[in-house]
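Listed below are the residues making up each chain.
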Amino acid sequence: MWSPDGTYTTIGEVAEVYCLGEARVGGRSLILAGGSEAGVWDAETLANIATFTPDQGRVWSVTACELGERTAIFGGTENGELYAWALGEESHARVLRHDDGVRIWDESELA
C-alpha cells in the first residue's frame, strides 16, 4: 500500500492479485484483494481479518457489504461462480449460481 509521500507498507503477501477493492462496513474501512483467495484487511490497522478460498478457480472480483448485523464478502471467480462468505463466522461459502443470466438475490436467501 503506497502513501502520497512515496512510502509504502506491505500488508500481506499473495501469489497473484487479480483485483483490489475497498468497502466501508460496520463503521470500519476494509481493504479487499482477490487472487488465489479473497483477503480482507482492516484499513486502519492493516491487520489481516480473514482469508477465504473458493473451491476452484481464482477470485477475479471481490466486494463487501452489510447484511443485517453481518458483514458479507462476495467473490466472483474465473469459473463464473459467485461466492458469499460471512466475515467473522465459522461458515462455509455459499456458491450462488444462476445459469440463465443475471439474478438479484434477496438478503433472506443468503442467510
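Residues numbered from 1 in each chain as written. Predicted model: local features only at pLDDT ≥ 70, side-chain atom pairs only at ≥ 80, totals over all residues. Heavy atoms only, no water.

Participant: Help me understand the confidence of the model for the chain, please; the structure alone is not making it clear to me.
Facilitator: Any segment with low pLDDT has predicted coordinates that should not be analysed in fine detail. Of all residues in the chain, 68% attain a pLDDT of 70 or more, and the chain-wide mean is 79. Looking across the chain, the model is least confident in strand E8 (residues 94-96), with a mean pLDDT of 67, and most confident in strand E2 (residues 28-35), with 92. (pLDDT = per-residue confidence, 0-100. Helix = DSSP H or I, 4+ residues; strand = E, 2+ residues; numbered from the N terminus.)

Participant: Would you mind showing me how to read the environment of Leu32 here?
Facilitator: Locating Leu32 in the fold gives a position in strand E2. For Leu32, the contacting residues outside a window of four places in its chain are Cys19, Leu20, Gly21, Glu22, Ala23, Gly39, Val40, Val62, Thr63, Ala64 and Ile73. (Contact = heavy atoms within 4.5 Å.)

Participant: How should I be thinking about the pattern of salt bridges in this particular structure?
Facilitator: A pair can form between side chains of opposite charge whenever their charged atoms are brought close. According to the stated counting rule, one finds one salt bridge in the structure shown. With its nearest N and O atoms 2.7 Å apart, the salt bridge here joins Arg58 to Glu78. Taken as a pair, Arg58 in the loop between strand E4 (48-52) and strand E5 (59-67) and Glu78 in the loop between strand E6 (70-77) and strand E7 (82-86) lie far apart in primary sequence, 20 residues in all. (Salt bridge = Lys/Arg side-chain N within 4 Å of Asp/Glu carboxyl O.)

Participant: How should unusual backbone geometry be read in this particular structure?
Facilitator: Note on backbone geometry: most residues besides glycine have negative phi, and most peptide bonds are trans. Of note, Leu46 is a non-glycine position whose phi angle comes to about 65 degrees, a positive value. Relative to the elements of secondary structure, Leu46 occurs in the loop between strand E3 (38-42) and E4.

Participant: I'm lost on the side chain of Thr77 in this one. Help?
Facilitator: Assignment of secondary structure puts Thr77 in strand E6. According to the relative accessible area criterion, Thr77 is buried, its value standing at 8%. Other than its neighbours up to four places away in sequence, Thr77 contacts Pro54, Gln56, Arg58, Val59, Trp60 and Tyr83. (Buried < 20%, exposed > 50% of the residue type's maximum accessible area, 1.4 Å probe, protein only.)

Participant: I keep staring at the sheet that holds E2 and nothing clicks. Help me out?
Facilitator: The strands making up a sheet are joined through hydrogen bonds of the backbone, oriented either antiparallel or parallel. Taken together, the four strands give an open sheet; going across it, the order is E1-E2-E3-E4, and neighbouring strands pair in antiparallel fashion. Looking at strand neighbours, the two that pair on one side only are strand E1 (17-25) and E4, the edges of this open sheet. Taken pair by pair, the neighbouring strands of this sheet meet at an average axis angle of 15 degrees, ignoring direction. Pairing between E2 and E3: five bridges, direction antiparallel. The residue bridging Leu32 from the neighbouring strand is Val40, located in E3. (Pairing = 2+ DSSP bridges. Axes fitted to C-alpha atoms, helices over the stretch in contact; angles between N-to-C directions.)

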